[in-house]
Structure formats: C-alpha cells, structure tokens
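Residues per chain are reported as follows:
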Amino acid sequence: MMAGSALRRLMAEYKQLTVNPPEGIIAGPVNEENFFEWEALITGPEGTCFEGGIFPAKLVFPPDYPLSPPKMQFICEMFHPNIYADGRVCISILHAPGDDPMGYESSAERWSPVQSVEKILLSVVSMLAEPNDESGANVDAAKMWREDREQFNKIAERLVRKTLGLPPPE
Amino acid sequence: MKMKAVVATVISLALTTVVIGNAYYQKKQFYPSVVYLTNSNPSMAVMYLQAFILVLLVGKILRKIFFGQLRPAEFEHLIERSWFAITETCLAFTVFRDDFNPKFIALFTLLLFLKAFHWLAEDRVDYMERSPVIGWLFHIRILSLLMLLAQADLYFIHHAYAFTATKGPSVQLVFGFEYSILIIMIVNILIKYLLHAIDSRWEAPWESKAAVLLYTELAINFLKVLLYVGFVAVMVRIYTLPLFAFRPMYETMRSFKKAYNDVVLSRRAIRNMNTLYPDATAAELAAADNECIICREEMHSGAKKLPCNHIFHAACLRLWFQRQQTCPTCRLNVLRAPAPEPANANAQAPPNAPHAPNANANANVPHAPPPPSAAAVPPPFPNMPPPPMMGWGLPPPPPRPAALASLSADELRRLEGTERRNVEARLQLLREIQAMLDASVLLMQQYSNVVANLPLNCNTVATQTDLNRTEPSPEASVKVKTEPDVVPTTSTYKPTPGPSTSRDDFTTDDADTTSPDSFRDSIDADAEELRRRRLQKFTTEK
C-alpha cells in the first residue's frame, strides 16, 4: 500500500512541477524507473551572494513518503550555515517532528504530509537567501556569516562560478 | 580503495609465505616448524594479520554472493555500526581478561562478522519497500541468507547453553546472549520481509500493514528489553556491570518506549477518528476540491473531518496518526482538542482551503464589540475552535465593578472610613478593576493575532510563499511580519524569533488600532521605518 501511494503521490508532484514549475527550480526523478530519487537544480536567489549560481541537489524519498520527509543533499560544493560539509541540507521542514538534531525547532515548522517537493525547494531557496545562523550545520560557515560577511561572500562567489563552470575570480 | 585492498592482501600473503618458508628452512620438518612458528612472536603477528585479511576476504565473497553491490547508504550504515560494535567488544574484553586467548578473539571476530551480515540483511529488507523492481534473485538471496544466519545463531546459542550448563558461567554467557539478540533480529527481519513481499504481490492497497509493523516492532522490542534486563542481572551477579551492553540496552529501551507510545497514542487517535469525527459531507468535499492533501488523490467517500475542519481520507489519516497525532494541515493536536460539536458548524469556511480559521475569525471581527464599552466581555469568537498555537484561552469575563452612581448609600459608606472592612471593600473593588484590565489586554491580543493573520493574502514574499500557502498557523504570519527585521550583518539578529515574543511587542505597539486595514498599513509603515533606521545604523557603524 505504502509504496504504491508514495509512488502515486510522487508522480502527481512530478507532473505538477513539470506543468507549473516554480521560478528558478527544476526537479524530477533521476530516471523514471525509480521515482524515489530525484535530482533538483536550484538557482541562487537574486540579490544574495548566491545569485546566478545553479546548484544541483538530490532528493531521496522514504518508502512511506509523504508521511516521512525526504532527505536532501547538494551534490556540488556548498558553504552555508545550514548545509553540512557533505551537502546535506538542515532545515526544519525536512525533519520529522520528534527528531531534532539541533534542539531548537518548534514542531510547527516540521515536516507534515501537507508539505511537498515544491515547498521544500522553495524553503531551500529562502534558506540560501537568509541563513539561520542559530542552527549550525556548518559551524565555520555560521561563524563567518556572522563575523566576516565579506569573506563569506567571496567564498559564495567562488562557488557560484564553480557551478557555472567558470574559473575562480582573480 | 580496491587497489589498497589488493595490495594489502598481496603483502600479507607474501609475508606469510616468507615466515612459513623461513620456519621450514630452519627446522626442515613439519612439527618443529609449527612449534617454531607458535613460539616466535613476530611470526605469530604475521599469521594473525593473515587470518584477519582472510576473514575480510571471506566476508567480501559472501557479501558478493548474498548482496551483490552494496548501496552507499548501506555501506555507511555498516561502517557506523561496526565502530560501535568494535568499541563495545573491546569493553567486553576488559570484563573477561582472564579468558583472553586467541580462541576468544576468534569467537568475538566471528560474532562481529555475523552481526555485520544481520545488519546488511536488515537494511536490504528495509530497502524492499522502496525498490521498484524485486527480482527472483533478491528473494533467493535474502531467504537463503536468513536461513543460514538463523542456523548459525541457533548453533551458537545451543553451544553456549551446553557449555554453560556443563562448565559453569564463562564468556559463553555473552555469546549466548548476543546470539539470542541476533535470532530475534532475524525473526524481525523475516516478518518484515514477508509483509513487504505480500504487499508487493497485492495490487490493492493493504491498509493494515503499517499497523502490523507497529505491533511487531512493539513485541520485538519488548523481547529485546527482557533479554537485556536478564543479561545485565546475570552479569551483575556473576561478574560485574556489563558496561559494553549499556548503549544497545539504552537504545532498545528507548525504541521500546517509542513503539509503546506510538501504539497507545495512535490507537487513541484512530479510535477518536472512527467514533468522534464526522464523515465529510459532499458540500465540504467540494469545498476542498475533492483532494486529500496527504495522498493528493480525489476524495469521494471515506473522508473524515477533524475538529479543526480539515478533511482527509480516513485511510490516509490512519497512517499519519500512526506517526503523529496532529492535523497534517494545522498541527492541531487531535488528542488534546475537544470533540467537535455539530452545532458549531455554522460559519464554516472551506475546510481545506488556506487560512480557514482566519477567514472564520475575520468574519467575526466587525461584530465583536470593543471591550471597554461592552457591559460584559464576550469571548471573541464563539464559533471558532481554539486555534492550535494559542495555548492560553480566554478566561470567562470577570465581574464588572458597578458604577459609582449606581451604588447604594450603604455600599458607598462601606468604601469609606479607615476600618478593616472598609479597606477590604476598597481592595475588592480595585481587584475587580484589575481583572477587567487583564481581560481587555487578553482580548486585545486576540484581536492583534487575528489581524496579524490578515496580511498573509497580500504580503507574501516570493521566497516564503511555500510556508504560507497552506499553513494558516500563526507561525506563518509571524514570519511575514518579522520579514523587515531581516537585515544582514547583525550578530544579534534572529531569523525566526519565537512567536510569543514578537506577538508581545506587536500588541503593545499597535494596541490602539481596531480596523484591520489601518492596522496593516501602520505595521508596514512601522516596518519600513524600522528597516530604514537599522540600515542607517549599520552604515554609520561601518
């Protein structure tokens, strides 16, 4: 039952995202054989240090989706207070109520079946624009974001250029 | 990685050959060579290394046979659990340091080796649910592996039992216990495997599968907890505290507690759903676009309405309640919410549409009399179920102190004078006034909450539409409201301040506004002003 309904819902979401894609976001299954692994491309939000970058990420859905949240991981190099060094994204919408890796989130911001891939990706975009430096998935990045914004912006610019295949700035 | 493994194998093989060759060259005969080898520490070290590498090789071969290629997640999981197991094994060595010999190490290595295969089998069976295609090879592999592992576990349990029965307690106690845990694990894996296998055969959705899994989890964890408690008791009596068993014991107890809570709470929620919550009517279904937001499929029948007026498939709700006992849309805790009353269902907004409770509340705003002029303070929104995020309800209206003119001469006299009863009467009057003021403040907060939810419809910022679109919770509105606070380069700035704090300063700022529209405008103006001031501050600081 679960695998079936999860599959149907993922297909519905895929269709929805294809027919009516949100701005700056592309997402879909890596291959149509396996609907439980998706790839997403996220454009860095305008007016932020990540502007212009195109960041690839992968989403892995649990068999009981949408009852449990998917996992999301950037597959490019990222430097951001809410992204672990290995690319995993740490935002409250991706955590099931009950598990709280950082111990600060209220359950109201957590995963529920009402959420969707689109909402997750939009949350990630807004996370890129406004890091939450209270939850330090990457403590170095959080510290730099707070104390040395110039350096942070520089690193972000390098990452943006890297995702576009451009050489690092002089 | 591959290269390194090959190099290590070749080096160890070469070393072993050299060592054995050397022994044979020196002693010429078989037995003297063996004696020489066992007496020479460096040679034995080489032999142990060789044995270790052989074990790894055998492990690899078996893994290839039973699992094929490991998925990265499985591999990661395996490594993580291995480290814990190795640490705990080392701890176990300290308890049994008197029995310490090569055979003992070999037995522990074998235990670790078998454990690793149990873990892999568990991960693989969990993966069944997600995997789109399960071939015959998969079934054959898993079943034969499970049978082999069960055989091995049973053999070692039997061996440990026989050994302990004849020769008294020894390290075999630990093995007996560890293999008992493993055989329970096998049973658990087998049940899961059968469930998934049956599920994948059936075309029709199988709704009770999750419930069966939940109860299996409970029973298995209960067995494990019993075993751990028994083991620790025995170990304490005979040896000492088995520190090495504490971490797994703690984890088992925690998961048992969780499984127990899950079962109890979900049973209660599902019973509530079946008995208390009404079936959604056709009109209500139509208002919600006939779509169940959990599975995103059409609702025709079998839909239930929660106390917060949100509608879902009963089957979807049941699955969700097995995890969480809240409304998926507004997170109302269904176990704490009062049972719905049909009489209250008059002013219903489309139940599944965004901001349903707010729409409800808005409709009431113009009718609610301003508190100071009202003779008695009414609870503001009689038709609205208590909003989920406002833990504090409104107290019943306090008695209103009588106007001076309406007091009788006798009552007036009681307020004058300096005797004790006069003072008491005056204090009483003052207390009534205070209660009135408190009630007004509470009411004011209610109003501002309602108004704070209004700007949602027009003020949504592009990056936050996700949070606001279907979540009518005050959190969403708080986010929008605090948007102007988000100014870069401040070390004290909080991206998502708690709702309570922002709600407070919010109400004190604008307590005099009553009309929602002017209220919103003034907020915008205030926010603009705030942003301007902060920016100014930052530029001057720099």
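Residues numbered from 1 in each chain as written. Chains lettered and ligands numbered in written order. Predicted model: local features only at pLDDT ≥ 70, side-chain atom pairs only at ≥ 80, totals over all residues. Heavy atoms only, no water.

Heads up, the condition is: UniProt positions are given in the numbering used here, feature names are shortened, and annotations may be inferred rather than shown by experiment.
You'll find chain B entered in an unreviewed UniProt entry as RING-type E3 ubiquitin transferase, with Vanessa tameamea given as the organism. Note on chain B: under the UniProt heading Pathway (unreviewed entry), the record states "Protein modification; protein ubiquitination."

The name given to chain A in an unreviewed UniProt entry is Ubiquitin-conjugating enzyme E2 G2, with the source organism recorded as Vanessa tameamea. According to the UniProt record, the Sequence similarities (unreviewed entry) comment for chain A is "Belongs to the ubiquitin-conjugating enzyme family."

**Examining the overall build of chain A**
Note the following rule: Helical segments are the DSSP runs of H or I of at least four residues, strand segments are the runs of E of at least two, and each set is numbered from the N terminus. The rule is simple: take the accessible area with a 1.4 Å probe, protein chains only, and divide by the maximum for that residue type; under 20% is buried, over 50% is exposed, in between is partly exposed. The Shrake-Rupley method, run with a 1.4 Å probe, gives the accessible areas here. Residue values count only the displayed protein chains as cover.
Helix and strand counts for chain A stand at four helices and four strands. For chain A, the succession of helices and strands along the chain, N to C, is α-β-β-β-β-α-α-α. Per-residue burial over chain A gives 54% buried out of 170 residues. Element-wise, carbon and sulfur atoms account for 51% of the exposed surface of chain A, whose accessible area totals about 7500 Å².

**What about the overall build of chain B?**
Quick note on the threshold: Working rule for contacts: check all heavy atoms of both residues, and any pair within 4.5 Å makes them a contact.
On a plain count of helices and strands, chain B comes out with 19 helices and four strands. Every one of the 542 residues in chain B was classed for burial, and the buried ones make up 42%. Partitioning the intrachain contacts of chain B with sequence separation of at least 6 by distance along the chain shows that 67% fall at a separation of at least 24.

**Here's the deal with the pairing of strand S3 (residues 54-60) of chain A**
Residue and element names in this part refer to chain A. Keep this limit in mind: Any two strands between which DSSP finds at least two bridges are classified as paired.
Bridge count between strand S2 (residues 34-43) and S3: seven bridges; the pairing is antiparallel. Paired with Glu39 across the strands is Lys58, a residue of S3. Note that S3 and strand S4 (residues 71-74) share four bridges and pair antiparallel. Its bridge partner lying in S4, Ala57 is registered against Phe74.

**Structural notes on the UniProt feature "active site" (unreviewed entry) in chain A**
Residue and element names in this part refer to chain A. Per the UniProt record, "active site" (unreviewed entry) is annotated on Cys90. Locating Cys90 in the fold gives a position in the loop between S4 and helix H2 (117-129). The class of Cys90 is buried, set by a relative accessible area of 2%.

**Section: the pattern of salt bridges**
Residue and element names in this part refer to chain A. As a reminder, the rule being used: When a carboxyl oxygen of Asp or Glu is within 4 Å of a side-chain nitrogen of Lys or Arg, the pair counts as a salt bridge.
Overall, the coordinates contain 15 salt bridges over all chains when judged by the stated rule. Arg9 is the salt-bridge partner of Glu13, the closest N and O atoms lying 2.8 Å from each other. Residue Glu13 and its partner Arg9 are located together in helix H1 (residues 2-19), separated by four residues, close to a single helical turn. Judged by relative accessible area, Arg9 falls into the buried class, the value being 0%. Its salt-bridge partner being Asp86, residue Arg88 comes within 3.0 Å of it at the nearest N-O pair. A relative accessible area of 41% places Asp86 in the partly exposed class. Among the charged side chains, a salt-bridge network with shared partners connects Glu77, Arg158 and Lys162.

**With respect to H2 of chain A**
All names here are of chain A. Under the convention used in this document: Under the convention used throughout, the expected extent of a helix is 1.5 Å for every residue step, that is, one less than its residue count.
With 13 residues, H2 extends 19 Å from end C-alpha to end C-alpha; this agrees with the ideal 18 Å at 1.5 Å per step. With respect to burial, H2 is a largely interior element, 12 of its 13 residues being buried. Residues Val117, Glu118, Lys119, Ile120, Leu121, Leu122, Ser123, Val124, Val125, Ser126, Met127 and Leu128 constitute the buried set of H2.

**Let's talk about the nonpolar core**
How we decide: The definition of a nonpolar core used throughout is a set of buried Ala, Val, Leu, Ile, Met, Phe, Trp, Tyr and Cys residues joined through side-chain atoms within 4.5 Å.
Ranked by size, the top nonpolar core spans 52 residues in total, and within it Phe67, Phe108 and Phe244 of chain B carry the most contacts. Within the residue set of this core, elements represented by two or more residues are helix H3 (41-67), helix H4 (72-95), helix H5 (102-128), helix H6 (136-167), helix H7 (172-201) and helix H8 (209-238) of chain B. If we ignore the near neighbours within four places in the chain, the residues touching Phe244 of chain B are Glu88, Leu91, Ala92, Val95, Val174, Phe231 and Met235 of chain B. Residues Ile25, Tyr65, Ile120 and Val124 of chain A belong to the second largest nonpolar core, which totals 42 residues.

**Section: a nonpolar patch on the surface**
Cut-off, in case you're wondering: Candidate patch residues must exceed 30% relative accessible area and have no salt bridge, after which like charges are joined if within 9 Å and Val, Leu, Ile, Met, Phe, Trp or Tyr side chains if within 5 Å.
Together, Ile26, Leu41, Ile54, Leu164 and Leu166 of chain A make up a nonpolar patch on the protein surface, roughly 420 Å² of accessible area in all. Judged by relative accessible area, which is 42%, Leu166 of chain A ranks as partly exposed.

**Describing unusual backbone geometry**
Negative phi characterises most residues that are not glycine, and trans characterises most peptide bonds. In this structure, the amide linkage connecting Tyr65 of chain A to the following residue, Pro66 of chain A, adopts the cis form with an omega of 5°. Locating Pro66 of chain A in the fold gives a position in the loop between S3 and S4. Despite not being glycine, Arg296 of chain B shows a phi value in the positive range, around 60°. Looking at the element boundaries, Arg296 of chain B is found in the loop between strand S1 (291-292) and strand S2 (297-298). The class for Arg296 of chain B is partly exposed, based on a relative accessible area of 22%.

**Some details on the packing of aromatic side chains**
Residues and elements named next belong to chain B. Definition in use: For Phe, Tyr and Trp, where Trp contributes only its six-membered ring, two rings pair if their centres lie within 6.5 Å, and the inter-plane angle classes them as stacked under 30 degrees, edge-to-face over 60, or tilted in between.
Within the structure shown, the criterion is met by 23 aromatic pairs over all chains. Plain terms: the ring middles of Phe177 and Phe231 are 3.9 Å apart, the flat faces sit at 5° to each other, and that makes the pair stacked. Highlighted residues: Phe177 in helix H7 and Phe231 in helix H8, separated in sequence by 54 residues. As far as burial versus exposure is concerned, Phe177 and Phe231 are alike and both buried.

**Structural notes on the sheet that holds S2 of chain A**
All names here are of chain A. Here is the rule: Fitting a line to C-alpha atoms yields each axis, with helices limited to the stretch in contact; the angle taken between N-to-C directions then spans 0 to 180 degrees.
Ordered in space as S1-S2-S3-S4, the four strands form an open sheet in which the pairing is antiparallel. On the outer flanks of this sheet lie strand S1 (25-31) and S4, each paired with one strand and no other. Averaged over all adjacent pairs, the angle separating strand axes in this sheet is 25°, with direction ignored. Note that S1 and S2 share six bridges and pair antiparallel. Among the inter-strand pairings, Ile26 is bridged to a residue of S2, identified as Leu41. Against the sheet, H2 contacts S1, S2, S3 and S4, and its axis sits at roughly 30° relative to S2.

**Topic: the UniProt feature "transmembrane region" (unreviewed entry) in chain B**
In the numbering used here, UniProt assigns the feature "transmembrane region" (unreviewed entry) to residues 45-62, 104-121, 133-152, 173-195 and 225-246 of chain B. Here residues 173-195 of chain B is 100% helix and 0% strand, with 33 Å between the C-alpha atoms at its ends.

**Here's the deal with the UniProt feature "domain: RING-type" (unreviewed entry) in chain B**
What UniProt calls "domain: RING-type" (unreviewed entry) maps, in this numbering, to residues 292-331 of chain B. Annotation note: span residues 292-331 of chain B, helix share 20%, strand share 22%, distance between end C-alpha atoms 16 Å.

**Digging into the confidence of the model for chain B**
Residues and elements named next belong to chain B. Heads up, the condition is: Residue-level confidence of the predictor is what pLDDT reports, using numbers from 0 through 100.
With 70% of its residues at a pLDDT of 70 or more, chain B has an overall mean of 73. Confidence, read as mean pLDDT per element, is least for helix H12 (residues 356-364) in chain B (39) and greatest for H6 (91). For the stretch residues 457-515, pLDDT sits under 50, and the model shows 106 contacts to residues farther than four places along the chain or on other chains. Prediction confidence for the complex, expressed as pTM and ipTM, is 0.57 and 0.80 respectively.

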